[in-house]
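# Report on the structure
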Amino acid sequence: MTWRSPLALMRDAILSQKAREKELRSLVSNLPFEGLGKSKQPNRFFKSNAIKTNKYTPLFFIPMNLYEQFHRLANIYFVGLAILNFIPVVNAFQPEVALIPICVIMFLTALKDGWEDFRRYQSDKKLNNTPCLIYSRKEKRFMERRWKDVRVGDFVKVVSNETVPADLLLLHTSDPNNVCHIETANLDGETNLKQRKSNVFEPESFNWTVVCEKPNNNLNHFKCFVEKPDREKTGAGIESLLLRGCTVRNTEHSVGFVVYAGHETKSMLNNNGPRYKRSKLERRLNVDVFFCVLLLFIMCLIGSLGHYLWLKGLSDVPPFLVSDSKGHLDSPGLSSFYMFFTMIILLQILIPISLYVSVELVKIGQIFFIVTDVDLYDEETDSRVQCRSLNITEDLGQIEYIFSDKTGTLTENKMVFRRCSIMGTEFAHKENGKEVTFTRYTTKYNMVEYLLSFFSKFLKVRSSSPSHQTYNSLESFSSLVKRWNIFDTPKRNSSPIEDSAGDDANGVQPCSSDPVTLSARPAAASEDLCYEAESPDEAALVYAAKTYGFTLLARTPDSVTVRVPSGEELVFEVLDTLAFDSNRKRMSVLVRHPITREYVLYTKGADYAIMELLGTGQQKKIATDTQYHLDCYAKDGLRTLCITKKIVSGREYQSWLVDRKRALAAIEGREELMMDSAVQLETQLTLLGATGIEDRLQESVPDTITALREAGIKVWVLTGDKPETALNIGYACRLLEEEDLVINMSCKNKVTCISILDCTLEEVRRFHADPRNVDTTQKISLMIDGDTLAIALSPDLQDRFLDLAKRCRSVLCCRVTPLQKSRVVKLVRDKLKVMTLAVGDGANDVNMIQAADVGIGISGQEGMQAVMASDFAISRFKHLKKLLLVHGHWCYTRLANMIIYFFYKNAAYVNLLFWYQFYCGFSGTAMIDYWLMIFFNLFFTSTPPIMFGIMDKDVSAEMLMGVPDLYRTGQGSGEYNFLTFWISMLDAFYQSLVCFFVPYLAYQGSDVDIFTFGTPLNTSSLFIILLHLGIEIKSWTVVHWIIMLGSVALYFIVTLAYSAICVTCNPPSNPYWILQNQMADPMFYLICIISTVVALLYTFYVLKNSVAPSPLIQAKHLDRMKPSVREMWMKEWRSLRGGMEVKESRLSTPPSPTLETSVDFYPGFGDAASFVGDDLSLNVLTDQKPVDT
């Protein structure tokens, strides 16, 4: 290794920083520079591929870990007090003793941090030394190296089933279609294969310059172009990038050019470590710690003032006040100042040092019980609940608002093709793989064009037979120019052809009359194909087409191969794909027809995004009929999709191709240019038809939503579906009830939206102001579309919208974008100051999930993006019921009660020392040995509250599930609030007074020494504190008995051993044989019994539940009944608490908001006009019958 001057190193560091901060990077091959020194390497300024995620080194572990731990104010506080105790004028007891508690806590924390960091070091070492293949110019072949040896500008070869070592620009694959298949499960959790495209090249001849953007963490976007020596630019995007951590599948080998390495790869930039959120209870805890500090300050101030008054009251200097070497005594004022700090040291345990550690242990235990709950296990997917955020389990018990996606969350997301409309003619389909019913005969050519459009999607085909190749490729079009017949033409009055299986009834009735039933001609036998789709809708369409003989055989980046019913195969040349985006709401594919050689653009998308792009002329009639069919589909709860085509002339295509290539090669503004090029082509479309696909509700969704609403949780559904579809699903899942008053808000301008909000709010307020409606509850639900929501979310309308929404039982937002979902969640969370939960299953729900206080992902059919971004992951929506109503309630009540008990325990014990100061001249003296004081909180009373927080069950799971109303006890301020904190502190003050003055009165006038007085006092406090916890425990188990009795036994064993052995452990104190002598004195037992009984005669918990039992106490009594009797009482309770006795209400008709536009009220929505309006639609929907799905 050559020596380099510090100036050269500094210069390289500055140049490296500048090179890495540039928006664009120019990368060249390392091959011409192979063997040269590092200073001559062209890409030397970029990071190597070695990674380091561990924080510590053996040499600097101690100082760095101490630095990390001192970021916690509690640690600084206790270390400061320990140091303060080393100052002679203020020390309260032996200085070394004061260090023990904080040292034990910090040592255990350092041990945990060190072990975790060592595991990260081992993982890094294993990863950095993973073998890989790097091309060598000298050897003329790929050589085996390590991941840490990979540099930007290298050529790396990855074989099948190997992991990609760095971010590679794909340049070559072994696949004849230049395609590489990768699995990105390690990055986004998705197991379906993705395609990446490449070009043919040789490393030796690669003399291009790769220009790419600065590294970022966006896994779905990549901007890059390759510049050839002749200045020609070729654009590349994410479809050509192999990300570090992906696995190559079904491809023998692939070769790529390293663009990002090590910590600059997209996967490493997304590795932000464990998720951390602060729970609501933790924030409340910090406030109460501040109150304890304030209380400690007041007690120390009283001690300081009392010491001053005591010194002032002395007539002469007592002999126990020792002067300094010069015979000088401090003045009373100075002594009281010193005494203030002495009292802080003495009473420091008022601040619970071990509370934070105990809370972490309790949360780990709670997570264990959640994860191991068999009721939250899904056998079909072999998955259980995942806890991805370890510190907000208690928030599950305080949820007030739930925001849910629809598709894949409330529904199965397993699509079944049900209906289609072709050129204005409607067809109904029984089920995938079964018969089809045609309402009337349709033109042969139109049917073919429509069905062929199904195949031009992003679909990957793989054979289920291992003997077949993964992708079938057809090399010529010469034999594929024949015409074919699809269906036999029936006579008008011919009888229907019966299905061989006897399946003659369709699940859905056709929209038009006089139907003629036809059976699809069996297609030629084909191999058993399995389709992998980016969307379940696409898979349903392709499987349905396959049923009628149109079989998708192969899909490559450049072609689509389809077998038609005649047995012939067509190969469509794919020229370009215009991917779906949330702005256009559609996707297109440009193909070359194998017979006519025409350029054809097929487009599929939402109806409102497609209809406005249609051409004029005869399309109006077809569009009108198709729109009517779409409305029928939506009212039946089907997912709708429009499909169109466009014949593109050769001149138009060539002109468009220039703009498209320019957009692909752009770095700045690429997304805008790509969208502009897509919009440029997607005009004057010809409507082929529409489809209706059924997405069934998941099991037990209606029951779950009903239970959540009874629990006081408001449920909002945010979906991108049509209003009719959303409304149908709303009734089916019981988000909306038949007797609900449904307000449908739809408007296109701000003035109208303001009028709607004002008149509706006025009517709602008028209802509440009416004295006749005091005991009634309005059953109002709100439905709002995306355009209206965008207006309502404007800053000046937010408050009015929220005022209306919070008065509704449920809210249904349709046609909303992912960004609007997150904005709604943030608005409700921040404005109403409530606990929010968002649940979804797809990538479009990620923003909403991350915006909520608690995010829950469902591992369904839409990949794992939602799960990866969530705090908790479940496999079915129905699991939300037990997760919240049972585990959420338990986690919150356990932790809240444990924290309250911790504050009580420390206050009760430290007050014993405080009361003693009134009888020792406020001198900071303790009547309990310092070691026993430390052991008291560190060992004797630390384990029972932890076990209490992990295992206690105030009410059984059956009762919590049967009576969801019990969940309300945790909402809002819950059981742990300002009042309960101070009541527990008053309990502590009362019990400490009893515990102190019973021994004081018993020994008054005697000559017992200080430790003889303190030992029964210490023992009594142990019994009082543990028995107080025993009263708080709702469900005793063997573990509780062992821990409680073990704590008492440990106290006596340790104290007896300490009294027998430790004669000079804490000079000048002498605790020798104190407890042994006490246990031989009957007075000791009498004091302990009287103190314990009198102290526990009154506790606020017992008094409150005796005078006014809480719902939880009533539920606990029901738990003790026989199952049959308990079930009867649960039904009675649920009927009363669920609001069945509340009178139904109806809003009167509000006045018209504007002179130009009227507000209409429809008794139902059977009329298509219910959802169609030019400027305004405020429909009140009642008595709607739900449609089973």
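Thresholds applied
- Residues numbered from 1 in each chain as written.
- Predicted model: local features only at pLDDT ≥ 70, side-chain atom pairs only at ≥ 80, totals over all residues.
- Heavy atoms only, no water.
- Helix = DSSP H or I, 4+ residues; strand = E, 2+ residues; numbered from the N terminus.
- Buried < 20%, exposed > 50% of the residue type's maximum accessible area, 1.4 Å probe, protein only.
- Areas by Shrake-Rupley, 256 points an atom, 1.4 Å probe, with all protein chains shown as cover.
- Axes fitted to C-alpha atoms, helices over the stretch in contact; angles between N-to-C directions.
- Parallel < 35°, antiparallel > 145°, perpendicular 65-115°, else oblique.
- Left-handed = near helix turned anticlockwise from the far one by under 90°.
- Contact = heavy atoms within 4.5 Å.
- Nonpolar A, V, L, I, M, F, W, Y, C, P; charged D, E, K, R; others polar.
- Core = buried A, V, L, I, M, F, W, Y, C linked by side-chain atoms within 4.5 Å.
- Domains from an automatic or database assignment.
- Pairing = 2+ DSSP bridges.
- Patch = residues over 30% accessible without salt bridge, like charges linked within 9 Å, V, L, I, M, F, W, Y side chains within 5 Å.
- Salt bridge = Lys/Arg side-chain N within 4 Å of Asp/Glu carboxyl O.
- pLDDT = per-residue confidence, 0-100.
- Phe/Tyr/Trp six-rings, centres within 6.5 Å; stacked < 30°, edge-to-face > 60°.

### So, the overall build of the protein
Assigned secondary structure in the protein consists of 35 helices and 36 strands. Burial analysis of the protein (1189 residues in total) assigns 54% to the buried set. On the protein, roughly 52800 Å² of surface is accessible, and the fraction owed to carbon and sulfur atoms is 58%.

### Here's the deal with the packing of helix α24 (residues 879-917) against helix α29 (residues 1010-1032)
The geometry of α24 relative to α29 is characterised by a closest axis approach of 11 Å and an angle of 160° between their N-to-C directions. Regarding the angle of α24 to α29, the classification is roughly antiparallel. When you trace α24 past α29, the crossing you get is right-handed. On α29, the residues that touch Y901, Y904, K905, Y909, L912 and Y916 of α24 are I1010, F1013, L1017, N1018, S1021, I1024, I1025, L1026, H1028 and L1029. Of the residues assigned to the contact of α24 with α29, the class counts are 12 nonpolar, 3 polar and 1 charged.

### Some details on the packing of α24 against helix α28 (residues 978-1002)
The angle between the axes and the distance between the axes are what describe a pair of packed helices. Across the interface, α24 lies against α28 with an axial gap of 8 Å and an inter-helix angle of 40°. By the angle class used here, α24 and α28 are oblique. Here α24 and α28 pass one another in a crossing that is right-handed. Residues I900, F903, Y904, A907, A908, N911, L912, W915 and Y916 of α24 form the contact with α28, whose own contacting residues are T980, F981, S984, M985, D987, A988, F989, Q991, S992, L993, C995 and F996.

### Focus: the nonpolar core
With 95 residues, the main nonpolar core has L347, M898, I899, F903, M927 and Y976 as its most contacted residues. Of the residues forming this core, the biggest block, 19 residues, is contributed by α24. Residues lining this core come from more than one domain, with at least three contributed by each of domain 1 (60-126) and domain 3 (280-313 + 331-367 + 886-1108). Setting aside residues no more than four positions away along its own chain, L347 makes contact with L296, M299, V910, L913 and F914. Counting residues in each nonpolar core, the second largest holds 46 residues, with V717, L837, L880 and C891 among its members.

### A look at the sheet that holds strand β9 (residues 224-227)
Pairing in this open sheet of 4 strands is antiparallel, and the strands run β1-β8-β9-β10 from one edge to the other. Edge positions in the sheet fall to β1 (24-27) and β10 (233-236), since each of these pairs with one other strand and no more. Averaged over all pairs of adjacent strands, the angle between strand axes in this sheet comes to 20°, irrespective of strand direction. Pairing between β9 and β10: 4 bridges, direction antiparallel. Considered in β10, the bridge of E227 is made with K233. In the packing of helix α14 (residues 650-665) onto the sheet, the strands contacted are β9 and β10, and the crossing angle to β10 comes to about 70°.

### Description of a nonpolar patch on the surface
Taken together, the side chains of F290, L294, F297, I298, L301, I302, F918 and Y919 present a nonpolar region at the surface, about 760 Å² in accessible area. Mapped onto the elements, I302 comes out in helix α7 (residues 280-312). Residue classification places I302 among the partly exposed positions, given a relative accessible area of 37%.

### Re the sheet that holds strand β6 (residues 179-183)
In a beta sheet, neighbouring strands pair by backbone hydrogen bonds and run either parallel or antiparallel. Taken in spatial order, the 3 strands of this open sheet run β7-β6-β12, and their pairing is antiparallel. Of all strands in the sheet, those bounded by a partner on one side alone are β7 (193-197) and β12 (247-249). This sheet shows a mean twist of 45° between the axes of neighbouring strands, independent of strand direction. Pairing analysis gives 5 bridges linking β6 to β7, with the strands arranged antiparallel. Considered in β7, the bridge of V179 is made with K197.

### Overview of unusual backbone geometry
Peptide bonds are mostly trans, and most non-glycine residues show a negative phi. With a phi close to 65°, R734 is a non-glycine residue in the positive phi region. Of note, F922 is a non-glycine position whose phi angle comes to about 50°, a positive value. On the basis of relative accessible area, F922 is assigned to the buried category, the value being 9%.

### Section: the side chain of H889
You can see H889 is positioned in helix α24. Among the residues examined, H889 registers a relative accessible area of 2% and is labelled buried. Other than its neighbours up to four places away in sequence, H889 contacts G397, L884, D954, L960, L966, T969 and L1112.

### Some points on the confidence of the model for the protein
Taken as a whole, the protein shows an average pLDDT of 80; of its residues, 83% reach a score of 70 or greater. Of all helices and strands in the protein, the one with the weakest mean pLDDT is strand β20 (residues 516-518) (27), whereas α24 scores best (95). Every residue in residues 432-526 is under pLDDT 50, and counting partners more than four places away or in other chains gives 208 contacts. In the predicted structure, residues 1182-1189 sits below a pLDDT of 50 and forms 26 contacts with residues beyond four places in sequence or in another chain.

### Thoughts on the pairing of strand β24 (residues 569-578)
Of all 10 residues in β24, 7 are buried; the element is thus mostly enclosed. Note that strand β23 (residues 559-563) and β24 share 5 bridges and pair antiparallel. Note on β24: the bridge partner recorded for V560 is F572. Where β23 folds back onto β24 in an antiparallel hairpin, the turn is made up of 5 residues, including G567, whose phi is positive at roughly 100°. Sheet topology note: the β24/strand β25 (residues 586-592) ladder contains 5 bridges and is antiparallel.

### Regarding the packing of aromatic side chains
In the structure shown here, the tally under the stated rule is 52 aromatic pairs. Relative to F978, the ring of F291 lies with its centre 5.8 Å away and its plane at 75°, an arrangement referred to as edge-to-face. Linking F291 in helix α7 with F978 in helix α28, this pair joins segments that are 687 residues apart in sequence. Residue F291 is classed as buried on the basis of its relative accessible area, which comes to 19%. For the pair F368 and F369, a centre-to-centre distance of 5.6 Å together with 70° between the ring planes defines the contact as edge-to-face. An aromatic cluster of three or more residues is present, and its members are W931, F935, F939, F940, F1023, Y1051 and F1052.

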